[in-house]
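For reference, the chains in residue letters:
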Amino acid sequence: MIIGIDLGTTNSLAAYFTDDGPKIIPNRLGKHMTPSVVSIDGEEIYVGETAKERQILFPDCSASVFKRDMGSQKTYHLDGRAFTAEELSSFVLRSLKEDAEYFLGEPIEEAVISVPAYFNEARRKATKRAGELAGLKVERIISEPTAAAIAYGLYQKKQNTKFLVFDLGGGTFDVSILELFQNILEVRAVAGDNYLGGEDFTKVIQELFIKDTKIDSEQLERKDLGMIRKQAEQCKLAFGTDSSYIMSCQVGNDIKRASITCGRFEKRCEPLLDRIKRPVKKSLSDAKIKVSDIDEIVLVGGGTKLRLIRKYVAKLFKKMPNTSVDPDEAVALGAAIQAAMKERKEAIKEVILTDVCPFTLGTEVVIERGDDKYESGHFAPIIERNTTIPASRTEQFRTVYDGQTKLNIHILQGESRFAANNISLGNLEVEVPSNKAGAEAIDITYTYDINSLLEVEVKVVSTGEMKRMIVKNQEVDMTDEEIEARMKELSYLKIHPKDQEENQLLLLRGERMYEENTGETRLRIEYELREFERILNGRDEAEIADARKTLKDVLDEIDEEW
C-alpha cells in the first residue's frame, strides 16, 4: 500500500485510501495530527506531542519549525548531536510510517509526500531524501494546493471552473490557481512565501505579551520563552470565539499576566496580511485572470482557521471561502487519493493532474554591449515560471570569441535578469571544436518532471556530442551510498513505543504544569505525579491504565481552571 503524507511545518499527518474514500491514519496516541517536533534524550528519540512537551522543559534537546530550513546547510544541535532539517524531517516521517504500519497491520514501503507549491529544487529534493532516510520510497512529490484540490473533489465539479487554493500552514503560505477542463485539473499559476505562516501570527501575540509585561526578551531563558509561546498559541486559538484573552505565565520566580484583545492583535497583524496580498496578486497576474473570474476559494492549512484570516479572504475575494473539508487534513487526504491514483484503484475517477514549475529555470549568458564588447552575468530563461509540467524546452547558444573550446552551463533558478541574484543549481561543462566566434553552437534542453526534478541535456551541434545531468544541489546533495550510510548512522535512534510514550507524555505535561504553577496547585500536581510514578514502577498494566486516566483528568481539570 502507498500512503499519503502531509509533512507540515507545525503538524504532520498520514492518510490512506479505503472503499469509503481517504481516511486519516491515527498516530500512536490515537490523534490525527503529529506535531512536527523532535526531541532527543540519549539514544531515545521523541516525535510529536511528547517532543512538544519536552521542548518546553528541554529546549536544547528539541527542535521544531525545521521545515523552513529544508534544503539548506543549517544544522540543529540536539543533545550534543548535529542534524540537518531533512534528517529531523526523516524522524517525523519514520514516526508516521511506523504508526501507519501498526494501524494498517502491514509494511509501508512507499509514500506520496506533499510540499509547498513554492518550494524550490533544493527543498523538494531534501523532502525526497528525508523520505528515503525514513525508509520510504518516494517516487511522487505532490504540491500541497494540488493535493488539497483533489481532497475537496474539485475535479468532480463542472467543467471550465476556476479555483483558488489559499494555503496558510504553520510556516509557509501558498496560493494556487487551478482550472478544470473535462477530466484535466490544471494548475495555472502558483505563488507564495516560504517564511509566512501561523507561527508568525503566534509570534505577534508573544511579542505583545512580552511588551505588556515589560519582560527583557534578551534575558529570557529558552524554557521561559517556550512557555510564553505555548500561552500565545492558546490565545490565538481563543480568538476564534473570544474578543480578549488573559495570558498568564511564570517567568523566573514571577507570574506575569496580560490581557490581549483580538482588535489589538488584528491591528498588529496588518503587515502579515500585506505579505499575503502580494502572492495573491502575482498568481492572478501570471494566470492572466481577475478576482471576479474565480469561481471558488478553498482554504487549506491550520492558519486559515483564524477568524482574522477568514474575514480577510472573504473581503479580498468578495465571496465566502469553501471550508467543507477540515483545512488541517485536506492535504493529507489529497495525497492519499493521489497515492490511490498511482496504484490505479478502481474506486478513483480517472483524472489527469497537471502542475506548474514554480520558478523560472535558465542559464547564465553574456550579452553584446556593442563595439565587440560583451557583458557577463546575465540570465537567459529556458523554462518560464508557471509553465505546465512535465515540460521540456530547448534553447540554442553560441560561442562568444574566436578559438573558444569550452562552454560552461551555469544552471540557475529565479526571476532576476542577473545571474548573481538567482539560485545556483549546478554547472555542466562541454567542449566544442576551436572555431570562429559564433560558429559553434550548443542546444541546451531543460526537462522538468512531475516530481519537480530537473534534467539538463547539452548537445554540441557540430559534433553531436551530448552531456546530461540530473540537477544536484551542490551544498546538501547526497549520493545513494551516502543516504544508505546516513540511514545506518541514524538507526541507533529509536522512536519511543506507544505504551511508554503515553506515560512519558503525561509525566512531561505534569512537569511543565508544575513549573507553571505555584502554591497548593503545585503541591497537588507533585502528589499526583509521584503517585503515578509509583504505579509505573509496579509494572501492572491494568493499574497503570487506571492511574494514567486519573492523572490526565487531574491535569485537564487544572488546565481548565487556568
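Each remark here, short or long, concerns the structure printed above.
As a starting point, this report considers the structure included with it. Only a predicted model underlies this, so the values are computations on that prediction, with no experimental measurement involved. Throughout this description, residue numbers start from 1 for each chain and increase along the sequence as written. For this predicted model, a pLDDT threshold of at least 70 governs which residues receive local features, and a threshold of 80 or more governs which side-chain atom pairs are given and counted, while totals over whole chains, interfaces and linings are taken from all residues. As a convention, hydrogens and water are excluded, and side-chain values are obtained from all of the structure's heavy atoms.

1. What to know about the overall build of the protein chain
Stated formally: Strands are runs of DSSP state E lasting at least 2 residues, helices are runs of H or I lasting at least 4, and numbering of each runs from the N terminus. C-alpha atoms define the radius of gyration, and 2.2 Å times the number of residues to the power 0.38 defines the globule rule. Three exposure classes are used, based on accessible area relative to the maximum for each residue type with a 1.4 Å probe and protein chains only: buried under 20%, partly exposed in between, and exposed over 50%. By the convention used here, residues are in contact when the closest approach between their heavy atoms is within 4.5 Å. Using a 1.4 Å probe, accessible areas were evaluated by the Shrake-Rupley method; residue-level cover was limited to the displayed protein chains. Positive: Lys, Arg. Negative: Asp, Glu. His and the chain ends are not part of the count. To locate a charge, the coordinates of NZ of Lys, CZ of Arg, CG of Asp or CD of Glu are taken.
The helix and strand inventory of the protein chain stands at 14 helices and 28 strands. The C-alpha atoms of the protein chain give a radius of gyration of 26 Å, which matches the 24 Å a tight globule of 562 residues would have. In terms of its C-alpha atoms, the protein chain occupies a principal-axis envelope of roughly 90 × 55 × 55 Å. Within the protein chain, the fraction of its 562 residues that count as buried is 55%. In the protein chain, once contacts between residues fewer than 6 apart in sequence are set aside, the share between residues at least 24 apart is 66%. Summed over its atoms, the accessible surface of the protein chain is roughly 25400 Å², and 46% of this surface lies on carbon and sulfur atoms. Both charge centroids of the protein chain, one from 79 positive and one from 98 negative side chains, sit 5 Å from each other.

2. Some points on the packing of helix α5 (residues 198-212) against helix α6 (residues 222-238)
Under the convention used in this document: Every axis corresponds to a line fitted to the C-alpha atoms, with the helix fit spanning only the stretch in contact, and the corresponding angles, defined between N-to-C directions, vary from 0 to 180 degrees. Relative orientations are named as follows: roughly parallel for angles under 35 degrees, roughly antiparallel for angles over 145 degrees, roughly perpendicular for angles from 65 to 115 degrees, and oblique for any other angle. By definition, turning the near helix anticlockwise from the far helix through less than a right angle yields a left-handed crossing, and turning it clockwise yields a right-handed one. By the convention adopted, Pro, Cys, Tyr, Trp, Phe, Met, Ile, Leu, Val and Ala count as nonpolar, Lys, Arg, Asp and Glu as charged, and the other residues, Gly among them, as polar.
The geometry of α5 relative to α6 is characterised by a closest axis approach of 8 Å and an angle of 110° between their N-to-C directions. One finds that α5 runs roughly perpendicular with respect to α6. Note on packing geometry: the crossing formed by α5 with α6 is right-handed. The residues of α6 that touch α5, namely those facing Gly198, Glu199, Phe201, Thr202, Ile205, Gln206, Phe209 and Ile210, are Leu225, Ile228, Arg229, Ala232, Glu233, Cys235 and Lys236. Class assignment of the residues belonging to the contact of α5 with α6 gives a composition of eight nonpolar, three polar and four charged.

3. Side note on the pairing of strand β10 (residues 110-115)
Rules: Strand pairing is assigned whenever DSSP identifies at least 2 bridges connecting the two strands.
Burial analysis of β10 places six of its six residues in the buried class, the great majority of the element. Residue alternation in β10 divides its side chains into two sets, Glu110, Val112 and Ser114 and Ala111, Ile113 and Val115, and both sets are buried. In this sheet, β10 lies alongside strand β1 (residues 2-6) in parallel orientation, the contact comprising five bridges. Bridging from a neighbouring strand, Gly4 pairs with Val112 of β10.

4. Focus: the pattern of salt bridges
To be explicit about the condition: Salt bridge, as used here: a side-chain nitrogen of Lys or Arg that lies within 4 Å of a carboxyl oxygen of Asp or Glu.
Here the structure, examined in full by the defined rule, presents 38 salt bridges. A salt bridge links Asp41 to Arg54, with the nearest nitrogen and oxygen atoms 3.8 Å apart. One end of the pair, Asp41, is in strand β5 (residues 37-41); the other, Arg54, is in helix α1 (residues 49-57), and 13 residues separate them in sequence. On the basis of relative accessible area, Asp41 is assigned to the partly exposed category, the value being 39%. By relative accessible area, Arg54 is classed as buried at 6%. Each of Glu110, Lys137, Glu139 and Lys342 takes part in one network of salt bridges that share partners.

5. Regarding the packing of aromatic side chains
The criterion, for reference: Centres within 6.5 Å are what make two rings of Phe, Tyr or Trp a pair, Trp counting through its six-membered ring; a difference in plane orientation under 30 degrees is then read as stacked, over 60 as edge-to-face, and the rest as tilted.
All told, the structure shown has five aromatic pairs when counted by the stated rule. Ring geometry for Tyr16 versus Phe103: centroids 6.1 Å apart, planes at 70°, classification edge-to-face. Here the residue Tyr16 occupies a position in strand β2 (residues 11-18), and Phe103 occupies one in helix α2 (residues 85-104), the gap between them amounting to 87 residues. You can call Phe103 partly exposed: its relative accessible area is 42%.

6. Here we look at helix α14 (residues 541-561)
In an α-helix, one turn spans 3.6 residues, which is why side chains three or four residues apart end up on the same side. The test is simple: The length a helix should cover is 1.5 Å for every residue beyond the first. Taken from the helix axis, the directions to the C-beta atoms give the arc we talk about. Definition of a polar contact: a pair of N or O atoms within 3.5 Å, with one able to donate and the other able to accept a hydrogen when the atoms are protein atoms, and with sequence-neighbouring residues admitted only if both atoms are side-chain atoms.
For α14, which comprises 21 residues, the first-to-last C-alpha distance of 30 Å matches the rise-based estimate of 30 Å (1.5 Å per residue) to within 8%. Within α14, burial applies to Ile544, Ala547, Leu551, Val554, Leu555 and Ile558. For α14, the angular spread of the buried residues around the axis is 95°, confining them to a single face. The outward face of α14, more than 90 degrees from its buried face, is lined by the exposed residues Ala542, Asp546, Lys549 and Glu560. Its side-chain oxygen 3.0 Å from the backbone nitrogen of Ala542, Asp540 forms the N-cap of α14.

7. Notes on unusual backbone geometry
Leaving glycine out, the prevailing phi sign among residues is negative, and the prevailing peptide bond configuration is trans. Look at the link from Ile389 to Pro390: it is a cis peptide, with omega at 0°. Relative to the helices and strands, Pro390 resides in the loop between β21 (388-389) and β22 (391-398). Even without being glycine, Asp79 reaches a positive phi, approximately 50°. Along the chain, Asp79 turns up in the loop between β8 (75-78) and β9 (81-84). You will see that Lys214, though not glycine, has its phi angle at about 55°, which is positive.

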